[in-house]
Amino acid sequence: QVQLVESGGGLLQAGGSLRLSCAASGNIFRQDTMGWYRQAPGKQREWVATINTSGSTSYADSMKERFTISRDNAKNTLYLQMNNLKPEDTAVYYCNLRRPSGFTSWGQGTQVPVSS
């Protein structure tokens, strides 16, 4: 059983910065790949970024210059630093854990509204 709890969301103006956190509890293993996804109003959930167990990262093209994903394995916590936020970044941001076995878990999401 894995529980993921996101935090750090909140209303901010365009151009601002925000850091999201995802606290993981339960049976967490260092080989778990973790990532962030987001879902804007009226749209499908989309992938934002992923970090694997060795710390290698990958990003969606529209976000790689402004977002940074990181993880603290000692604290079982995942982060997403978001800079120069735009109104089109408005979405619910979700934390995701994925194992080589195919097991996957999602957090409940945290809202990030960005005003123009």
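Let me begin by describing the structure that accompanies this report. (Residues numbered from 1 in each chain as written. Predicted model: local features only at pLDDT ≥ 70, side-chain atom pairs only at ≥ 80, totals over all residues. Heavy atoms only, no water.)

Turning to the nonpolar core, a few remarks are in order. Ranked by internal contacts, the top residues of the largest apolar core, which has 29 residues, are W36, L80, M82 and Y93. Of all the elements in the fold, those that place two or more residues in this core are β1 (2-7), β3 (18-26), β4 (33-39), β5 (46-51), β7 (67-72), β8 (77-82) and β9 (91-98). (Core = buried A, V, L, I, M, F, W, Y, C linked by side-chain atoms within 4.5 Å. Buried < 20%, exposed > 50% of the residue type's maximum accessible area, 1.4 Å probe, protein only. Helix = DSSP H or I, 4+ residues; strand = E, 2+ residues; numbered from the N terminus.)

Here we come to the pattern of salt bridges. Scanning all chains against the criterion turns up five salt bridges. Linking D61 and K64 is a salt bridge whose minimum nitrogen-to-oxygen distance equals 3.5 Å. What makes K64 partly exposed here is its relative accessible area of 43%. Via salt bridges that share partners, R38, E46, R66 and D89 belong to a single interconnected network. (Salt bridge = Lys/Arg side-chain N within 4 Å of Asp/Glu carboxyl O.)

To describe a pair of aromatic rings, you give the distance between the ring centres and the angle between the ring planes. Applying the stated criterion across every chain yields a total of one aromatic pair. Centroid distance Y37 to W106: 4.9 Å. Interplanar angle 70°. Geometry classified as edge-to-face. Of the two residues, Y37 is situated in strand β4 and W106 in strand β10 (residues 104-106); the sequence distance between them amounts to 69 residues. The buried category is assigned to Y37, whose relative accessible area is 18%. A cation over a ring is seen here: R45 above Y94, with NZ or CZ 3.7 Å from the ring centre. (Phe/Tyr/Trp six-rings, centres within 6.5 Å; stacked < 30°, edge-to-face > 60°. Lys NZ or Arg CZ within 6 Å of the ring centre and 35° of its normal.)

Within a sheet, each strand pairs with its neighbour through backbone hydrogen bonds, oriented either parallel or antiparallel. Taking strand neighbours across the sheet as the criterion, the four strands line up as β1-β3-β8-β7 in an open arrangement whose pairing is antiparallel. The open sheet has two free edges, formed respectively by β1 and β7, since each of these has just one partner strand. Across this sheet, the average inter-strand angle for adjacent strands is 15°, counted without regard to direction. In this structure, β1 lies alongside β3, joined through six bridges in antiparallel fashion. Along β3, the bridge assignment pairs V5 with A23. (Pairing = 2+ DSSP bridges. Axes fitted to C-alpha atoms, helices over the stretch in contact; angles between N-to-C directions.)

All quantities given are derived from atomic positions and should not be read as evidence of function.
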